[in-house]
Amino acid sequence: MRTFGVEEEFLLVDAVTGEPRPVGRQVVEQSFDDRLTCEVTQERLETATRPHRDVNDLALDLARCRTLADETALRVGARAAALAVSPQPVLPLAPPASRHDGTHERFALTAGDQVTCGCHVHVAVEDDDEGVTVLDRIRPWLPVLLALSTNSPYWDGADTGYASYRSQARRRWPMAGPCDLFGTAERYHATVEGLLEAAVPVDLGQIPFDARLNHQDLTVEVRVSDVCLYSDDAVLIALLTRGLVETAAREWHAGVPPLEIPTATVRVASWRAGRFGMDGRLLHPVTATPQDAGDVALALLQRLRPVLRDQGDAEIAESLLRQLLARGTGARRQRAALSRRGDLRDVVSEVVRVTNLPRGGITDQHEAAARPASRSFAGLLGRGRP
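Residues numbered from 1 in each chain as written. Predicted model: local features only at pLDDT ≥ 70, side-chain atom pairs only at ≥ 80, totals over all residues. Heavy atoms only, no water.

Student: Help me understand the overall build of the protein chain in this model?
Tutor: Secondary structure assignment for the protein chain yields 15 helices and 11 strands. The buried share of the protein chain, taken over its 386 residues, is 59%. Within the protein chain, counting contacts between residues at least 6 apart in sequence, those at least 24 apart form 76% of the total. Carbon and sulfur atoms make up 51% of the accessible area of the protein chain, which amounts to about 15,200 Å² in all. (Helix = DSSP H or I, 4+ residues; strand = E, 2+ residues; numbered from the N terminus. Buried < 20%, exposed > 50% of the residue type's maximum accessible area, 1.4 Å probe, protein only. Contact = heavy atoms within 4.5 Å. Areas by Shrake-Rupley, 256 points an atom, 1.4 Å probe, with all protein chains shown as cover.)

Student: Any chance you could explain helix 2 (residues 55–74) here in plain terms?
Tutor: Each α-helix turn comprises 3.6 residues. Residues three or four places apart therefore point the same way. For helix 2, with 20 residues, the first-to-last C-alpha span of 29 Å sits near the 28 Å given by 1.5 Å per residue. With 14 of 20 residues buried, helix 2 is to be regarded as a mostly interior element. (Expected span 1.5 Å × (residues − 1).)

Student: Help me understand the environment of threonine 263 in this model?
Tutor: With respect to the secondary-structure elements, threonine 263 resides in helix 10 (residues 263–276). Residue classification places threonine 263 among the buried residues on the basis of a relative accessible area of 17%. For the pair threonine 263 and aspartate 180, spaced 83 residues apart in sequence, the C-alpha separation works out to 5.7 Å. Ignoring any residue separated from it by four or fewer positions in sequence, one finds threonine 263 in contact with Arg139, Pro178, Cys179 and Asp180. At 3.5 Å, the side chain of threonine 263 forms a polar contact with the backbone oxygen of cysteine 179. (Polar contact = N/O pair within 3.5 Å; in protein donor to acceptor, adjacent residues only side chain to side chain.)

Student: So what exactly am I meant to see when it comes to the packing of aromatic side chains here?
Tutor: The geometry of two aromatic rings is summed up by the distance between their centres and the angle between their planes. Following the criterion strictly, the structure yields 7 aromatic pairs and no others. Pairing phenylalanine 182 with tyrosine 188 gives two aromatic rings, centres 5.0 Å apart and planes at 75°, and the pair type is edge-to-face. Taken together, a centroid distance of 6.4 Å and an interplanar angle of 80° make the contact between tyrosine 188 and phenylalanine 209 edge-to-face. Remark: phenylalanine 209 occurs in the loop between helix 8 (185–197) and strand 8 (211–213) and tyrosine 188 occurs in helix 8; sequence separation between them is 21 residues. No difference in accessibility class separates tyrosine 188 from phenylalanine 209, as the two residues are buried. (Phe/Tyr/Trp six-rings, centres within 6.5 Å; stacked < 30°, edge-to-face > 60°.)

Student: Any chance you could explain the pattern of salt bridges here in plain terms?
Tutor: For side chains bearing opposite charge, pairing can occur when the charged atoms are close. Counted under the stated rule, the structure contains 27 salt bridges. For the salt bridge of aspartate 210 with arginine 170, the shortest nitrogen-to-oxygen distance reads 2.7 Å. Taken together, the residues aspartate 210 in the loop between helix 8 and strand 8 and arginine 170 in the loop between helix 7 (166–169) and helix 8 connect sequence positions 40 residues apart. What makes arginine 170 buried here is its relative accessible area of 9%. Through salt bridges with shared partners, a single ionic network connects Arg2, Glu130, Glu246, Arg250 and Asp310. (Salt bridge = Lys/Arg side-chain N within 4 Å of Asp/Glu carboxyl O.)

Student: What exactly am I supposed to notice about unusual backbone geometry here?
Tutor: A positive phi angle, near 55°, is found at phenylalanine 32, a position not held by glycine. Along the chain, phenylalanine 32 falls in the loop between helix 1 (24–31) and strand 2 (36–38). A positive phi angle is found at aspartate 156, which is not glycine, with a value near 55°. When you line up the elements, aspartate 156 lands in the loop between strand 6 (154–155) and strand 7 (158–159). Overall, aspartate 156 belongs to the partly exposed group, its relative accessible area being 43%.

Student: How should I be thinking about helix 12 (residues 314–327) in this particular structure?
Tutor: Taking 1.5 Å per residue as the helical rise, helix 12 with its 14 residues ought to reach 20 Å, and the 20 Å between its terminal C-alpha atoms agrees with that figure. Of all the residues in helix 12, the buried ones are Ala314, Ile316, Ala317, Ser319, Leu320, Leu321, Gln323, Leu324 and Arg327. Just downstream of helix 12, glycine 328 is the residue with a positive phi angle, here 90°.

Student: What am I meant to see in the environment of glycine 5 here?
Tutor: With respect to the element layout, glycine 5 can be found in strand 1 (residues 4–14). Beyond its immediate chain neighbours, meaning those up to four positions away, glycine 5 contacts Thr49, Arg50, Leu58, His120, Val121 and His122.

Student: What should I look at first to understand the nonpolar core in this one?
Tutor: Nonpolar side chains in soluble globular proteins generally cluster together in the buried interior. Ranked by internal contacts, the top residues of the largest apolar core, which has 62 residues, are Ile138, Leu145 and Leu148. Ranked by residue count, the leading element in this core is helix 9 (residues 231–253), at 11 residues. Once residues within four sequence positions are removed from consideration, leucine 145 is found in contact with Val222, Val224, Ser225, Ile237, Leu240, Thr241, Leu244 and Leu300. By size, the runner-up hydrophobic cluster in this structure holds 34 residues, among which are Leu11, Ala82, Leu344 and Val354. (Core = buried A, V, L, I, M, F, W, Y, C linked by side-chain atoms within 4.5 Å.)

Student: What exactly am I supposed to notice about the pairing of strand 3 (residues 44–48) here?
Tutor: Within a regular strand, the side chains alternate between the two sheet faces. Of all 5 residues that make up strand 3, 4 are buried, and the element is covered over most of its length. Judged from the 5 bridges that link them, strand 1 and strand 3 form a sheet pairing that is antiparallel. Of the residues in strand 3, the one forming a bridge with glutamate 7 is alanine 48. Strand direction decides the pairing type here: strand 2 and strand 3, joined by 3 bridges, are antiparallel. Paired with threonine 37 across the bridge in strand 3 is glutamate 46. Remark: 5 residues form the turn of the hairpin made by strand 2 and strand 3, two consecutive strands paired antiparallel. (Pairing = 2+ DSSP bridges.)

This is the structure in structure tokens:
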């Protein structure tokens, strides 16, 4: 069983007005906990779970990280909100004296207005050779993970028309997005070294591929997803990512070659995922034809079912996916919040509330009654797994 962990980035907003607040450094200094770190701008905060093998442990750790982020933010009059971009206007502030200093100097406005929050999943691999073969095989399926996580329809006071505008904003970084097939670890490292020699990324931590080898440990790091509004959805993304990695590794050992999908096609698939999320049509990763988003998500689940069954996670993954399909992603929830009064402050208030619900996702009785067939992850915690 491969270990996996989740990093989540949160927008820090004023506890009263909901406006973004540049207090990331203050929050980190208040916590004395290495699970909280600063980001490129002080309006953001990053949390990181420990590596886990059991999904129950991961879910509990992820919930604790969300609680830690919000409770610590409250000490300085802020809240942690799972917003992938800021619905309200913001003038980002860089943290003083940090590793990000060179970022702002080199990338200018691109770094200066990038208040975007993602969900990054790390999955252990045996070595770089296995890691690169995994990267080559999971790339067509990454747009599906983006669609499942979409949580950024409003940006700087405007309706963007996208389910994930973060996915568009991050494309402004050089090299961001899907990669060509690498084939070997040597070619991967040669590509990265060439980028560093070109003096564009400041360091290895700024290689913004949708998926990459982590330079600090033996993991594949998948970075395509928005930060999820619902903690259940973050657990689902992590489960599906680990399933993709294990499936890819098994295919490599069995001699199954990766699909030679053109990078331009993967890029278009990512655009559709960011534009429509789970409320439209996605490109099927194998046929490259537009299909109902729910059907494509279920096709991903079906592809991973043998691995999920072997790991005892098939029931949990299916339950979480069907729950998401029933209630929608964070983008849908944000749009529903705005429809009540047309006030973006309502969006922020609702996101803060849902971000910090008790573990297991939605606990609102009205919503539970409206979807009796949907089971929260909380109901599965502690149960025997098949």
